[in-house]
Amino acid sequence: MPKNSKGREIAEIIPDKCIGCQLCIGECPVKGAMRMEGGVAIIDPDKCVGCGKCVDVCPANSILFEKVRKKKVEAEKGPQPIDEYRGVAVFIEVHQGKGADVAWELVGKARELAAKLDTQVIGLLLGKGIEPIAKEAIAYGCDIVYMMDNPVLEIYLSKVYGKALTSLCQQVKPAIVLLGATPLGRDLASIAATYLKTGLTADCTGLDIDDEEKLLLMTRPTFGGNIMATILCRNYRPQMSTVRPRVMKMPKKDPERRGEIRLLDFQPPRDELPRVLEFIPRKLELGGVDITKASVLVVVGRGACNSRHLPMLEELAHLLGGAVGCSRAVVESGLLPYMRQVGQTGKTVAPKLYIGVGVSGAVQHLVGMQTSERIIAINTDRHAPMVQIADYALIGDYLQVVPELIKGLEARIKERVRQG
Ligand SMILES: Cc1cc2nc3c(=O)[nH]c(=O)nc-3n(C[C@H](O)[C@H](O)[C@H](O)COP(=O)(O)OP(=O)(O)OC[C@H]3O[C@@H](n4cnc5c(N)ncnc54)[C@H](O)[C@@H]3O)c2cc1C
């Protein structure tokens with residue numbers, strides 16, 4: 001097999017066989033690597049990249065090229081019999097002795113998925129003294145809760161929890177495992193997925209079941225949030241996904257609901273465990289303002305990004321008993337800090353009332369607020385995406401609209417006070 005001066009294997013023309021059709025020249029991707037001379041194709045060895053395309057099109061078999069072509073990789077088959085995996089499981093994250101809200105939100109979603117699969121909702125719970133949380137998980141919608149209750153699990157240690165959740169999944173064999181995309185959930189999901197040798201789709205904004213194959217459809221923003229991708233985990237189990245807090249709706253709690261709680265044995269890893277010296281509680285940023293907890297959110301966009309008029313928007317939020325959030329454009333301008341940012345790279349919020357003031361509604365913003373109960377858009381552009389998804393749209397300059405709203409609210413409050 002001839003090689004060029006760079007040591008690359010190249011094609012070779014058999015001049016006596018060449019019929020001068022020039023198909024090879026048309027197919028060659030490198031300009032000047034092939035030419036005709038005396039009615040016969042010629043290869044310039046130093047330009048040839050050894051792709052073999054000329055060989056494929058030659059009708060006269062006049063080109064020699066024996067380079068071994070790369071084999072197409074077949075989709076791998078998972079090691080486990082997939083049919084053994086049943087049920088939709090939720091990892092019940094525990095925060096300061098209580099079930100985290102995101103776990104209950106996921107139990108609500110799991111109920112919908114389980115109904116489509118005609119299967120059970122399973123709670124997976126780790127910790128110390130956690131039986132009351134297992135009961136709560138049933139009240140929120142779990143049919144059965146598997147728990148490992150052990151002093152070693154009192155605080156979160158990646159390796160210990162990783163092994164424990166892996167062991168739970170290996171024993172229970174759920175088809176689907178959902179975790180909150182919290183700092184703990186993100187860490188744990190990746191460890192468990194690695195031990196379980198399965199796939200993981202992080203930060204999903206939508207979960208559904210495919211009607212035909214009964215696979216979990218995991219939808220999340222990709223390419224900088226410009227498109228939504230739906231990802232499948234066809235050949236491995238469990239199908240794992242993380243979802244950020246407040247993306248799914250909180251289900252109603254029913255203390256009368258009945259279910260089963262099973263305690264499984266936990267074998268702590270044999271290696272030496274780290275010793276926790278002290279916990280330093282997380283400080284609440286922004287003087288106690290947590291936009292994810294506000295029931296009313298007035299969100300400032302670039303169209304209202306002005307330090308002189310910010311107090312007016314704060315007043316509107318105050319009159320409604322809410323807080324002020326913002327779009328990324330406003331954070332970038334320096335007017336408000338990152339902790340107030342709503343969206344894909346900020347916080348996910350689902351207030352009872354979201355008021356977007358001068359927010360266009362870019363997809364990266366919408367994924368962080370679209371589950372809000374009521375959406376009001378204040379915008380000069382009636383075609384802005386935020387206006388399109390809003391329940392109510394006030395088309396106009398916010399400098400005219402917001403003072404009118406404030407006036408109306410103040411009048412109502414005065415009237416209520418007068419009526420006692
Ligand atoms: C990877 C990536 C992640 C991102 N993450 C986020 C994120 O987490 N959160 C986020 O918000 N963005 C995010 N973005 C940015 C996002 O794409 C948009 O650029 C941003 O949301 C735009 O902010 P805006 O709506 O405030 O501004 P603009 O898009 O500029 O919209 C301003 C709006 O104000 C209206 N307006 C103008 N003047 C007035 C007026 N006087 N009265 C009323 N309305 C007026 C305009 O009609 C317009 O609709 C991200 C982008 C990328 C690439």
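For every chain, the first residue of the written sequence is number 1, and numbering continues from 1 onward in sequence order. With pLDDT at 70 or above as the cut-off, local features in this predicted model cover only qualifying residues; side-chain atom pairs require 80 or more to be listed or tallied, and sums for whole chains, interfaces and linings still use all residues. Side-chain calculation: all heavy atoms of the structure are included, whereas hydrogens and water are not.

How far each domain reaches was decided by an automatic or database domain assignment. Taken as a whole, the protein is organised into domain 1 (12-64), domain 2 (82-263) and domain 3 (289-419). Only heavy atoms enter the contact rule, under which two residues are in contact if any of them lie within 4.5 Å. Domain 2 puts 11 residues into the contact, and the matching count from domain 3 is 12 residues. Both faces considered, domain 2 and domain 3 share a buried interface measuring about 990 Å² in area, 44% of it formed by carbon and sulfur atoms. Each salt bridge in this description consists of a side-chain nitrogen of Lys or Arg and a carboxyl oxygen of Asp or Glu lying within 4 Å of one another. Viewed at the interface, domain 3 and domain 2 are joined by 0 salt bridges. Here a polar contact is recorded for every N or O atom pair within 3.5 Å, except that within protein the pair must consist of a potential hydrogen donor and a potential acceptor, and residues adjacent in sequence are included only if both atoms are side-chain atoms. Summed over the shared surface of domain 2 and domain 3, the result is 6 residue pairs in polar contact (both at pLDDT 80 or more). Class assignment for the residues of the side of domain 2 that touches domain 3 results in 4 nonpolar, 4 polar and 3 charged. Accessible surface is computed with a 1.4 Å probe, and the buried area is the amount of it that two parts give up when combined, taken over both parts together. The residue classification treats Ala, Val, Leu, Ile, Met, Phe, Trp, Tyr, Cys and Pro as nonpolar and Asp, Glu, Lys and Arg as charged. All others, Gly included, are polar.

Now for the nonpolar core. Counting 37 residues, the largest nonpolar core has Ile92, Trp104, Val107, Leu125, Leu178, Leu207 and Leu216 as its most contacted members. Helix and strand labels come from DSSP, where a helix needs a run of H or I of at least four residues and a strand needs a run of E of at least two; each type is numbered from the N terminus. Counting only elements with at least two residues in this core, the list comes to strand 5 (88-92), helix 3 (101-117), strand 8 (121-127), helix 4 (131-140), strand 9 (144-149), strand 10 (176-180), strand 12 (206-209) and strand 13 (216-222). Here this core gets 8 residues from one element, more than from any other, and that element is helix 3. Leaving out residues up to four positions away in the same chain, Leu207 has contacts with Lys109, Leu113, Leu178, Leu216, Leu217, Met218, Ser241, Val243 and Met248. Of all hydrophobic cores here, the second largest spans 28 residues; its members include Leu153, Val172, Leu188 and Met240. Nonpolar cores were defined as sets of buried Ala, Val, Leu, Ile, Met, Phe, Trp, Tyr and Cys residues, with membership established by side-chain atoms within 4.5 Å. When accessible area is computed with a 1.4 Å probe and restricted to protein chains, residues below 20% of their type maximum are described as buried, those above 50% as exposed, and intermediate ones as partly exposed.

On to the packing of aromatic side chains, then. Paired rings are identified among Phe, Tyr and Trp, the last through its six-membered ring, by centres lying within 6.5 Å, and are further divided according to the angle between planes into stacked (under 30 degrees), edge-to-face (over 60) and tilted (the rest). A full pass over the atoms with the stated rule returns 2 aromatic pairs. Aromatic pair Trp104 and Tyr140: ring centres 4.7 Å apart, planes at 15°, arrangement stacked. Separated by 36 residues along the polypeptide, Trp104 in helix 3 and Tyr140 in helix 4 bring together distant segments of the chain. Assigned by exposure class, Trp104 and Tyr140 land together as buried. Considering the side-chain rings of Tyr156 and Tyr161, the 4.9 Å spacing of their centres and the 65° angle between planes classify their relative orientation as edge-to-face.

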